[in-house]
Amino acid sequence: MFDNILGNEEAKQVLENSVNTEKISHSYMFIGQEGIGKFMIAKEFAKAILCNGREKPCNICESCIKFNGSNNPNVEIINEVEEKSIKTEKIKEMVKSVYEKPIGASKKIYIINDSQKMTKEAQNSLLKTLEEPPEYAVIILIVNNDNLLLNTIKSRCTKIKFNKLTKKEVEIVLKQQYGHKDISDNILEISDGSITHALAVYGKEEIFSEIGNIFTNLDKINIIDLLNKKDLVFKDKESIYEILDYINIIFFNKIKTNIKYTYCIRIVEETKDRLTKNSNYDMTIDNLLLKIWEEING
Ligand SMILES: [Zn+2]
């Protein structure tokens, strides 16, 4: 069923079995870090549930064809890539549509990507539908950090865990689907099992190996030199979250040499939080560098 999607064999098997035995839950939560195929698998799963062919998804029945053309009326996808949050109005609109019966099918499917972006109010407006869904409804919540979801939401869903991809799997996807060549082990290391990370890092190996040098040797660098490296390392604002994640991978590996790296990890996480809240970029980065330098050398 998921022939063209690599990794997560166990999760795929569970979903395939539920289609084959027609035991579909009303609500699922797909949990795992970004860039490992949750959204792709959710769409394929939805297509298979709605498929009228023998081998599901057959890609030739009317439902599959409509699905592939993004105009199957029995599936609705909320994918607010550009937005910082998923607002109540969006969920209320969706809830209204849940109570309209499917057209020429026995199921109607809703996928909410990055559902951790739902505001508390938005989550609350979904709750009642999750508690008492119409019998044809299937709601799939995709989430990379389920700590941001209300327990009342989590407890209503069948949870499916997704794992990081292996280095080999990341390499194959980069080569086959994105045509990238010469994939260094360094990239695969930094990607930490995520295609999203791998794509962000690809072509920027130099910056990332410089970051590796600096933050592995934080106890050997003086603060002036560290601040002077700022422009080189942090100029690429678009990759800032990948950069910060990579710094934390380095710190995580250093904890056994010095417990202070635990605090550094927290400082990096706080920095990510500040950047999401639109703080002044340069000040936030200066602050980060000063704090972690002091933590290690102070
Ligand atoms: Zn089909």
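Residues numbered from 1 in each chain as written. Predicted model: local features only at pLDDT ≥ 70, side-chain atom pairs only at ≥ 80, totals over all residues. Heavy atoms only, no water.

When its secondary structure is counted, the protein shows 15 helices and five strands. Going through the 298 residues of the protein one by one, you find that 48% of them count as buried. Considering only residue pairs separated by 6 or more positions, the protein has 69% of its internal contacts joining residues 24 or more positions apart. On the protein, roughly 15900 Å² of surface is accessible, and the fraction owed to carbon and sulfur atoms is 48%. Computing the positive centroid from 42 side-chain charges and the negative centroid from 45, the protein places the two 4 Å apart. (Helix = DSSP H or I, 4+ residues; strand = E, 2+ residues; numbered from the N terminus. Buried < 20%, exposed > 50% of the residue type's maximum accessible area, 1.4 Å probe, protein only. Contact = heavy atoms within 4.5 Å. Areas by Shrake-Rupley, 256 points an atom, 1.4 Å probe, with all protein chains shown as cover. Lys, Arg positive; Asp, Glu negative; His and termini not counted. Charge placed at Lys NZ, Arg CZ, Asp CG, Glu CD.)

Turning to the pairing of strand β2 (residues 75–78), a few remarks are in order. Sheet topology note: the β2/strand β3 (residues 108–112) ladder contains four bridges and is parallel. Counted as the bridge partner of I78 is I112 from β3. (Pairing = 2+ DSSP bridges.)

The assigned domain composition of the protein is domain 1 (9–161) and domain 2 (204–297). Measuring from the centre of the C-alpha atoms in domain 1 to the corresponding centre in domain 2 gives 37 Å. (Domains from an automatic or database assignment.)

F30, F45, I140, F215, F234 and F251 are the most contacted members of the largest nonpolar core, which totals 68 residues. Counting residues per element, this core draws most heavily on helix α2 (residues 38–50), which supplies eight residues. Counting contributing residues per domain, this core is built from domain 1 (9–161) and domain 2 (204–297), each supplying no fewer than three. Those residues in contact with F215, other than ones at most four positions away along the chain, are F234, I247, I250, F251, L289 and I292. One finds I78, V95, L127 and L150 within the second-largest nonpolar core, a separate group that totals 24 residues. (Core = buried A, V, L, I, M, F, W, Y, C linked by side-chain atoms within 4.5 Å.)

Here we take up the coordination of the zinc ion. Coordination of the zinc ion by the protein involves C51 (SG), C58 (SG), C61 (SG) and C64 (SG), with metal-donor separations of 2.3 Å. One way to put it: the four donor atoms around the zinc ion meet at angles of 102 to 120 degrees, and that makes the site tetrahedral. As a motif over one chain, the donors of the zinc ion read C-x6-C-x2-C-x2-C. Placement of C51 in the loop between α2 and α3 (62–68) and of C64 in helix α3 is noted, with a sequence separation of 13 residues between them. For C51, a relative accessible area of 4% corresponds to the buried category. (Donors = N, O, S within 2.8 Å, 3.2 Å for Na, K, Ca; no water. Tetrahedral: all angles 85-135°; square planar, octahedral: opposite > 155°, others 65-115°.)

Right, let's talk about the pattern of salt bridges for a bit. Considering all chains together, one arrives at 19 salt bridges under this definition. Here E171 makes a salt bridge to K168, at a shortest N to O gap of 3.7 Å. Remark: K168 and E171 occur in helix α7 (residues 167–178); sequence separation between them is three residues, near one turn of the helix. With its nearest N and O atoms 3.4 Å apart, the salt bridge here joins E269 to K272. Here K272 and E269 lie together in helix α14 (residues 261–276), a separation of three residues that amounts to about one turn. Under the relative-accessibility criterion, K272 is labelled buried at 17%. Look at the salt bridges and you will find they share partners, linking K167, D185 and E189 into a network. (Salt bridge = Lys/Arg side-chain N within 4 Å of Asp/Glu carboxyl O.)

Moving on to the packing of aromatic side chains. One pass over the full model with this rule turns up seven aromatic pairs. Seen from their ring centres, F30 and F45 are 6.5 Å apart, and the 40 degrees between their planes marks the pair as tilted. Residue F30 is found in strand β1 (residues 27–31), and its partner F45 is found in helix α2; the two are separated by 15 residues along the sequence. F30 gets classed as buried once you look at its relative accessible area, which sits at 0%. (Phe/Tyr/Trp six-rings, centres within 6.5 Å; stacked < 30°, edge-to-face > 60°.)

Given 3.6 residues per turn, any residue in an α-helix points the same way as the ones three and four places further on. For helix α1 (residues 9–20), built from 12 residues, the straight-helix expectation of 16 Å at 1.5 Å per residue is met to within 8% by its first-to-last C-alpha distance of 16 Å. Elements in contact with the buried residues of α1: β1, α2 and β5 (158–161). E22 lies just past α1 and shows a positive phi near 55 degrees. (Expected span 1.5 Å × (residues − 1).)

With five of its five residues buried, β1 lies for the most part within the structure. As judged from the five bridges shared by β1 and strand β4 (residues 137–143), these two strands associate in the parallel manner. Across the sheet, the residue bridging to S27 is I139, located in β4. Note that β1 and β5 share four bridges and pair parallel. In the sheet register, F30 faces β5, and the bridge partner there is I160.

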